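Chain residues, written in single-letter form:
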Amino acid sequence: MPTQFKDALSLIKRSEFAHPFLISSVLSSEITAVIVGFASFTSLLPAFRWVASQHRMATTSSKNARKKEVKKETGLGLTYKKDENFGEWYSEVVVNSEMIEYYDISGCYILRPWTMAIWETLEAFFDLEIKKMNVKNAYFPLFVTENVLQKEKDHIEGFAPEVAWVTKSGQSDLEIPIAIRPTSETVMYPYFSKWIRGHRDLPLKLNQWCNVVRWEFSHPTPFIRSREFLWQEGHTAFATKEEADKEVLEILELYRRIYEEYLAIPVIKGKKSELEKFAGGFYTTSVEAFIPNTGRGIQGATSHCLGQNFAKMFEIDFENEKGEKAKVWQNSWAYSTRTIGVMVMVHGDDKGLLLPPKVAAVQVIVVPVPYKDADTQAIFAACSSTVQTLQAAGFKAEHDLRENYSPGWKYSHWEMKGVPLRIEIGPKDLANNQVRVVRRDNGVKADIPVASLVEKIKDILISIQENLFNTAKQKRDASVKVVQTWDEFIAALNDKKMILAPWCDEEEVEKDVKTRTKGELGAAKTLCTPFDQPRLPEGNSNFCSSLLQSHNFNDLIDHFVSSDFFYRFICLKIFFFVFKIF
Ligand code: 86X
């Protein structure tokens, strides 16, 4: 391992989701198929009971262990700190905030209501927007036969070990095993071929909200890498390349809005390199986010132009206006529940989850603070009327009137769950006709007159949403390093930076960077060529040659110097970004 990576690696080793791209081949030969059996419900009952009892045993013993641990620490808080043990912190936050419950199949997680509320908010936004674009929802089957799946051999080949198969029904083998969809190109496109005849059948724009299964072998992480996940997959067909190109960017803009406007996470829009694009497609665009704690970029969502590759394989032809036979131009695009994992990682802190108001299931939690001799009933009534006023004004407000928990316990509980704003109502507030508000993002407290409740709460929630985005952007921007030489590149990589590096768009250079940065846990890879290219400093004509010289690409320099140059971003072990020089 190159010594310059020792530091970075020690950081990575402590982080649980850091391994992924690196050890993917280690286990892949062990299991190549998943067997799922069907059986009648009654014959399965004893098995269900057994699973249930095992599960109770497991959760009870781990609960006891956890109780002890937590007690030792803060009473109700987290055992791990975000900056000290990011991987453990993440697992603890998603569970303690009641987003995720672990399941007895590795890589599969229960998405609890606190998670699903966020997913549904994103879904409602995206679904409305694509309907404005005249995309229609459909639903295609979960299963696909081997024949159909293999139809598109080239792109399936690399993915084959991830495909899960159903091979049995009860005790008997199925005549032909059927695969569970890892993505739906092969499921849908035979029907695109059937449904598209003439130019009047175009464009065909379908989307489906569904689950997919990819039996990954690298370290599973809730939301970020799970074996079953939820997504939307859009699949569209056009008569012309121009229409397809336009849609790719329209969808990418919706993905940017999901991250920036809803999840308060800054992303970089750009184009994937040939090496990193979806192999079956023509070109791939993406939004890329950054996780400061790991120093890694993470692909947020992708919008592909498939060109006519799939049209050739699946014979998706149409008669154009001139009466000639032509092939359609296709796109596909997806975002998944990974969005939620990125949100947890970017905004969460040592108190737990931190939800942007726009996606929070509860935006305002109202907690009564009854002192000994106070009029508890009046305080409870004030809490109820506060909730009513806020709900009537369109806010997601709830109260926590449970009498068996102290106000302090409730504060920690709702902080752990990431509720952006807390309202406390005690005797003094009642007397002054005010409420006390406490922000989850910065802990700032204020007293608000009941008369101006709605406007004030609105302003504060907007301010929290903005603050989360600005804070995340500051951290992201501070993690971007523009490099000029290979030495700077390596230094920045070890410093957990996302790197903006010049690149000539040559695959050899990209592969060479991968080889040179390879350690036990992986290598740097390109993230994208950002569409927004930075203004370059004056007199940078040596920029690329400097990188290339120290890179031992002397033989290529003449060629590169005479061709277009690009700036690229490179990020710790995994990514580089590309900036084009004009
Ligand atoms: C790539 C490509 C594409 C539609 C999208 O990114 C947007 C929505 N699909 C997905 N991909 C695979 O094609 C794939 C195929 C198999 Cl068989 C697999 F097991 C895993 C896969 N993972 C990704």
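Computed from a predicted model, the values in this text were never measured in an experiment.

*Asks:* When you look at the site of the ligand in this model, what are you seeing that I'm missing?
*Replies:* Taken together, 18 residues surround the ligand, and among them His155, Thr183, Glu185, Arg214 and His304 come closest. The separation between an oxygen atom of the ligand and a polar side-chain atom of His304 is 2.6 Å. Put simply, the parts of the chain that give the shell around the ligand at least two residues each are helix 6 (153-157), strand 8 (228-238), strand 11 (296-307) and strand 14 (329-336). Broken down by class, the residue content of the shell around the ligand amounts to 8 nonpolar, 6 polar and 4 charged.

*Asks:* What exactly am I supposed to notice about the packing of aromatic side chains here?
*Replies:* Centre distance and the angle of the planes are the two values used to describe a pair of aromatic rings. Evaluation of the coordinates by the stated rule reveals 24 aromatic pairs. Plain terms: the ring middles of Trp119 and Tyr335 are 5.4 Å apart, the flat faces sit at 55 degrees to each other, and that makes the pair tilted. With Trp119 in helix 4 (residues 113-132) and Tyr335 in strand 14, this residue pair connects regions lying 216 residues apart in the sequence. For the pair Tyr255 and Tyr335, a centre-to-centre distance of 5.7 Å together with 65 degrees between the ring planes defines the contact as edge-to-face. One end of the pair, Tyr255, is in helix 8 (residues 241-262); the other, Tyr335, is in strand 14, with 80 residues separating them in the sequence. Taken as a pair, Tyr255 and Tyr335 share a single burial class, namely buried. The ring of Phe217 has Arg227 sitting right over it, with the charged end atom 5.8 Å from the ring centre. One Lys or Arg, Arg516, reaches over the ring of Trp486 and ends 5.6 Å from the middle of that ring.

*Asks:* I'm lost on the nonpolar core in this one. Help?
*Replies:* Ranked by internal contacts, the top residues of the largest apolar core, which has 58 residues, are Met99, Phe126, Tyr255, Tyr335, Val342 and Met343. In this view, Met99 contacts Val94, Ile110, Leu111, Arg112, Trp114, Thr115, Ile118, Phe223, Ile340, Met343, Val344 and Leu353; residues no more than four positions away in its chain are not counted.

*Asks:* Can you walk me through the packing of helix 11 (residues 376-392) against helix 14 (residues 453-478) in this structure?
*Replies:* Describing two packed helices takes the angle between their axes plus the distance from one axis to the other. Between helix 11 and helix 14, the least distance of the axes is 10 Å, while the angle of their chain directions is 65 degrees. The angle between helix 11 and helix 14 places the two elements in the roughly perpendicular class. Both helix 11 and helix 14 take part in a crossing whose hand is right-handed. Here helix 11 contributes Thr386, Thr389 and Leu390 to the contact with helix 14, which in turn contributes Leu453, Val454 and Ile457. Grouping the constituent residues of the contact of helix 11 with helix 14 by class yields 4 nonpolar, 2 polar and no charged.

*Asks:* Explanation requested: the pattern of salt bridges in the structure shown.
*Replies:* Any two side chains of opposite charge can pair, so long as their charged atoms come close to each other. Considering all chains together, one arrives at 29 salt bridges under this definition. With a closest N to O distance of 3.0 Å, Asp447 and Arg436 form a salt bridge. With Asp447 in strand 19 (residues 445-449) and Arg436 in strand 18 (residues 434-439), this pair connects stretches of sequence that are 11 residues apart. For Asp447, a relative accessible area of 37% corresponds to the partly exposed category. Overall, the relative accessible area of 26% leaves Arg436 in the partly exposed class. Within this structure, Glu253, Arg256, Arg257, Glu260, Glu261 and Lys269 form a network of salt bridges that share partners.

*Asks:* Can you walk me through the packing of helix 3 (residues 86-96) against helix 10 (residues 338-347) in this structure?
*Replies:* Axis separation between helix 3 and helix 10 bottoms out at 11 Å; the angle between their running directions is 115 degrees. In this structure, helix 3 meets helix 10 at a crossing whose hand is right-handed. The residues of helix 10 that touch helix 3, namely those facing Phe86, Trp89, Tyr90, Val93 and Val94, are Gly341, Val344 and Met345.

*Asks:* When you look at the side chain of Ser226 in this model, what are you seeing that I'm missing?
*Replies:* Its place among the elements puts Ser226 in the loop between strand 7 (204-213) and strand 8. The exposure class assigned to Ser226 is buried, which follows from its relative accessible area of 8%. Here Glu228 takes part through its backbone oxygen, which lies 2.9 Å from a polar atom of the side chain of Ser226. Apart from the residues lying within four places of it in its own chain, the contact partners of Ser226 are Gly107, Tyr109, Arg214 and Thr221.

Criteria and cut-off values
- Counting restarts for each chain, with residues numbered from 1 along the sequence as it is written.
- Per-residue local features are limited, in this predicted model, to residues with pLDDT of at least 70; the limit for side-chain atom pairs, both in listing and counting, is 80 or more; totals at the level of whole chains, interfaces and linings are taken over all residues.
- Excluding hydrogens and water, the side-chain values take into account all heavy atoms of the structure.
- The nearness test applies per residue and asks whether one of its heavy atoms lies within 4 Å of the molecule or strand.
- Definition of a polar contact: a pair of N or O atoms within 3.5 Å, with one able to donate and the other able to accept a hydrogen when the atoms are protein atoms, and with sequence-neighbouring residues admitted only if both atoms are side-chain atoms.
- Only DSSP runs of H or I covering at least 4 residues are called helices, and only runs of E covering at least 2 are called strands; the numbering of each starts at the N terminus.
- Gly is put with the polar residues, along with every residue not named as nonpolar or charged; the nonpolar set is Ala, Val, Leu, Ile, Met, Phe, Trp, Tyr, Cys and Pro, and the charged set is Asp, Glu, Lys and Arg.
- Two rings from Phe, Tyr or Trp (for Trp, the six-membered ring) form a pair when their centres are within 6.5 Å of each other. A pair whose planes differ by under 30 degrees is stacked, one over 60 is edge-to-face, and the rest are tilted.
- Throughout, exposure labels follow a simple rule: accessible area from a 1.4 Å probe, protein chains only, divided by the maximum for the residue type, with under 20% read as buried, over 50% as exposed, and the rest as partly exposed.
- Throughout this description, the term charge over a ring refers to an Arg CZ or Lys NZ atom that lies within 6 Å of the ring centre and within 35 degrees of the ring normal.
- Take the buried Ala, Val, Leu, Ile, Met, Phe, Trp, Tyr and Cys residues and link them wherever side-chain atoms come within 4.5 Å; each set so joined is a nonpolar core.
- Note on contacts: a residue pair is in contact if any heavy atoms of the two residues lie within 4.5 Å.
- Here an axis means a line fitted to C-alpha atoms, over the contact stretch when the element is a helix, while the angle between two N-to-C directions is reported on a 0 to 180 degree scale.
- Between 65 and 115 degrees an angle is taken as roughly perpendicular, under 35 as roughly parallel, over 145 as roughly antiparallel, and anywhere else as oblique.
- For any pair of crossing helices, the crossing counts as left-handed if the nearer helix is rotated counterclockwise from the farther one by less than a right angle, and right-handed if it is rotated clockwise.
- In what follows, salt bridge is the name for a side-chain nitrogen of Lys or Arg lying within 4 Å of a carboxyl oxygen of Asp or Glu.

By themselves these figures say nothing about function.
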